[in-house]
Every structure is written in structure tokens, then in C-alpha cells.
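Residue strings, one per chain:
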Amino acid sequence: MPSLVRLWDSDIAYSFRASPVAIASAIVALTMVAAALFANWVAPHNPLDLSTIELLDASTPPVWADGGTWKFVLGTDVQGRDVLSAVIYGMRISLVIGIASVAAAVVVGVGIGLLSGYAGGRIDALLMRVADVQLAFPPILIALLVDGVARAALPRETHDIVAFPVLVAAIALAGWPQYARTVRGSTLVEKGKEYVQAARVIGVAPGAIMVRHVLPNVLGPVLVLGTVHIATAIITEATLSYLGVGVPPTTPSLGTLIRIGAEFLFSGEWWITIFPGVALVLLVLSVNLLGDWLRDALNPRLR
């Protein structure tokens, strides 16, 4: 309990309480994450269970429109799937891919940044040139390249099975250079401080110095960058799925739902693409606003 009291009285907690935007963003983000996490209980229907889908329910409009029903509050798609349930399950898939890809990018980027900044010399030059070359290409282009190579190298019957790990790897590969450059800059500052010099003098191994002493002091910027990049990773996944190279077409990710609904947008069935698009905007915007608040809260110069 005392630790919770100290946390509530901390500068970060005060900054959060004093920011209506941060509070509203947190409420929206947590609500959507909780709905996605407990989709099996929150969603009124299971869009993945084909036995519960009736083609006679296809293209049902939202409840407030003519022909709508409370059974399908946001309507159904052309296959008879409940749009609300599909959006909830789609958010879960988009969040899992976004968080997993950011976690992979953080592990790779932080490791390379620590090694580059601490070792210096030719190792630093080589690793940073590789990062510079990759930063010259748009992330979506790198993700498309990785996905295309994986599809060409793997048998066709395994494409749906490996779609998720390939997508996570593609987005992570596109994002690690930013973490590497951020951590490298912080490591260059930290390795010249007295506590690192003292650890060297007493014979602590370089790997132990990087992990035990330098790493905890460079994680602040990584936390902020990772929060913002979750939103970027979700958008990248939605873009790839919209282009048809992301998750399997039968999987209701937000990008897939938007792509399917776009084909019927001008035929009057606007709800099939509008509601997944609104969910994507709210999710990405709330995470981005939380990242902006966290950046200001952890940087005394911006308070």
C-alpha cells in the first residue's frame, strides 16, 4: 500500500491527473484493449465460428437504420458476420501483431544500440551504416519485401500458417533501427560517466556493464518510442492486410475488414468499412496521445 501511495504522489501520476487528454486517451485505449483481450466474452457473436453465420443475415444495416435489428447492433457484412464482433476480434489480432512486432524490434534494436554505443570504433560504424541504409527505405516497403520473400520461399500451403510470424518479423525488421540509434546515443552518454568507469576499474565484464548498469539508464526513451510505435505497427499491419499481404483473408483484422468493406462502400453498405475504420482511428489516436503524454512526463524540459 505505501508503494501505491508513493506512486500516486509521483510526478508522473500528477502529470497524468493534470492532463484531461491523457486521461481520456487512457480510458479509450484501455476500454478497447480490454474488449479485445476478452473478446470471447464481450463480443455478442463469434465471427470465427462459421457454423453460427447465416447467409440470410448478410448485409443487415445498423440497428438505427431501416431493416436493422438489435441482434446485430452495427449490422453485418456480406457473409452475415456481425460487424461489432468482427471489429472486437479484429482489434485483438491487430493489437497482438502490433505489440509483438514492437517487442521484437525493441529487443533487436536495444541490443544492437547497446553494442554499437559501448563498443564504438568499426563495430559502431558498421552497425550504424546498416541502420542508415535501412532507414532510407519506407517501413511499409521493407515489410512488403520481407512478406514477399517469405511467400516466395515457403510452400503455398504454409502461407496461412506462417502469416502471423512473418508479419511480426516484417514489421519488427522495419522498426529496429530507430531503437538502435536512440539507445546508441544514450549509451554514448552513459558510458563516459563515473559509475561505468568504476565498474571497468573493478573488472566487471563489458557485457555485465551494458546489461546491469547502462541498459536501465537508457530505457526511458525506449519506453516512449515503443508506445508510439505500437500505433505505427498497428497501422502497418492494417495497411498490409488492406493490400492483401497481411493476415489470411478469413481472419478479421481491422485492415482486412476495411478492405472487404471498401468493395461495398458505394453500394450503400457503408457500415462494413466505416466502423472498422473508426475503431482503427480511435485505437491509434489514443495510443499516440498516450505516447505524447509519456514523452512529456518523462522529460523535465517539456513539463
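Shown above is the structure to which this text applies.
Reading the values: the criteria
- Here the residue numbering is sequential within each chain, running from 1 through the sequence in written order.
- Totals for whole chains, interfaces and linings use every residue, but because this is a predicted model, local features are given only for residues with pLDDT of at least 70 and side-chain atom pairs only at 80 or more, for both listing and counting.
- Side-chain descriptors were evaluated using all non-hydrogen atoms of the structure, hydrogens and water having been removed beforehand.
- Working definition: rings of Phe, Tyr and Trp (its six-membered ring) pair if their centres are within 6.5 Å, and the pair is stacked with planes under 30 degrees apart, edge-to-face with planes over 60 apart, and tilted otherwise.
- Runs of H or I in DSSP of at least four residues are treated as helices and runs of E of at least two as strands, each being numbered from the N terminus.
- Each residue gets one of three labels from its accessible area relative to the maximum for its type: buried under 20%, exposed over 50%, partly exposed in between, using a 1.4 Å probe on protein chains only.
- Here a patch means residues that are over 30% exposed by relative accessible area and free of salt bridges, tied together within 9 Å if like-charged and within 5 Å if nonpolar (Val, Leu, Ile, Met, Phe, Trp, Tyr).
- With residues, only the protein chains shown are counted as cover, and all accessible areas are computed by Shrake-Rupley using a 1.4 Å probe.
- Just to be clear on terms, a salt bridge is a Lys or Arg side-chain nitrogen sitting within 4 Å of an Asp or Glu carboxyl oxygen.
- What we call a nonpolar core is a set of buried Ala, Val, Leu, Ile, Met, Phe, Trp, Tyr and Cys residues that are connected through their side-chain atoms within 4.5 Å.
- In this description, contact between two residues means that some pair of their heavy atoms is separated by no more than 4.5 Å.
- Polar contact criterion, stated in full: a pair of N or O atoms within 3.5 Å, where within protein one must be able to donate a hydrogen and the other to accept it, and residues adjacent in sequence count only if both atoms are side-chain atoms.
- Note on charges: Lys and Arg go in the positive column, Asp and Glu in the negative column, and His and the chain ends are not counted at all.
- To get an axis, a line is fitted to the C-alpha atoms, and for a helix only the part in contact is used. The angle between two axes follows their N-to-C directions and goes from 0 to 180 degrees.
- An angle below 35 degrees is treated as roughly parallel, one above 145 as roughly antiparallel, one from 65 to 115 as roughly perpendicular, and anything else as oblique.
- Handedness of each helix crossing follows the sense of rotation of the near helix against the far helix: counterclockwise by less than a right angle gives left-handed, clockwise gives right-handed.

(A) View of the packing of aromatic side chains. Throughout the structure, instances matching the rule amount to four aromatic pairs. Seen in terms of ring centroids, Trp64 and Phe275 are 6.0 Å apart; in terms of plane orientation they differ by 85 degrees. Their pairing is edge-to-face. Remark: Phe275 occurs in helix 13 (residues 271-298) and Trp64 occurs in the loop between helix 4 (39-42) and helix 5 (83-119); sequence separation between them is 211 residues. Assessed through its relative accessible area of 55%, Trp64 is described here as exposed. For Phe275, a relative accessible area of 16% translates into the label buried. These aromatic residues form a ring-pair network of at least three members: Trp64, Trp270, Trp271 and Phe275.

(B) Spotlight on a nonpolar patch on the surface. A contiguous nonpolar surface patch, about 790 Å² in accessible area, is contributed by Val28, Trp64, Leu265, Phe266, Trp270, Ile274, Val278 and Leu282. It is helix 13 that provides the largest number of residues to the nonpolar patch, a total of three residues. Tracing the chain through its elements places Leu265 in the loop between helix 12 (254-262) and helix 13.

(C) Local environment of the nonpolar core. In terms of nonpolar packing, the biggest core is built from 26 residues, with Ile97, Leu114, Leu167, Tyr179, Val183, Ile209 and Val214 touching the most fellow members. Contributing elements (two or more residues each) for this core: helix 5, helix 8 (159-190), helix 9 (194-201), helix 10 (206-214) and helix 11 (219-243). Residue contacts for Ile97: discarding those within four places in its chain leaves Phe164, Leu167, Val168, Ile171, Glu237 and Val247. Counting 23 residues, the second-largest nonpolar core is a separate cluster that includes Met91, Ile234, Leu254 and Val284.

(D) Inspection of the side chain of Ser85 at higher detail. With respect to the helices, strands and loops of the structure, Ser85 is situated in helix 5. Ser85 sits in the buried class, given a relative accessible area of 0%. Polar side-chain contacts of Ser85 include one of 2.7 Å to the side chain of Asp82. Those residues within four positions of Ser85 in sequence are excluded, and the remaining contacts are Ala43, Pro44, His45 and Pro47.

(E) Spotlight on the side chain of Lys191. Structurally, Lys191 is set in the loop between helix 8 and helix 9. In this structure, Lys191 is buried with no salt-bridge partner, the nearest side chain bearing the opposite charge being Asp124 at 7.1 Å. In terms of polar contacts, Lys191 uses its side chain to reach the backbone carbonyl oxygen of Gly117, at 3.0 Å. Not counting chain neighbours up to four residues away, the residues in contact with Lys191 comprise Gly117, Tyr118, Val196, Gln197 and Arg200.

(F) Quick look at the packing of helix 3 (residues 20-37) against helix 13. Interhelical geometry of helix 3 versus helix 13 gives an angle of 135 degrees and a closest axis separation of 8 Å. When the interaxial angle is binned, helix 3 and helix 13 end up oblique. The interaxial crossing formed by helix 3 with helix 13 has left-handed handedness. Contact residues: Val21, Ala22, Ser25, Ala26, Val28, Ala29 and Met32 in helix 3; Ala279, Leu282, Leu283, Ser286, Leu289, Leu290 and Trp293 in helix 13.

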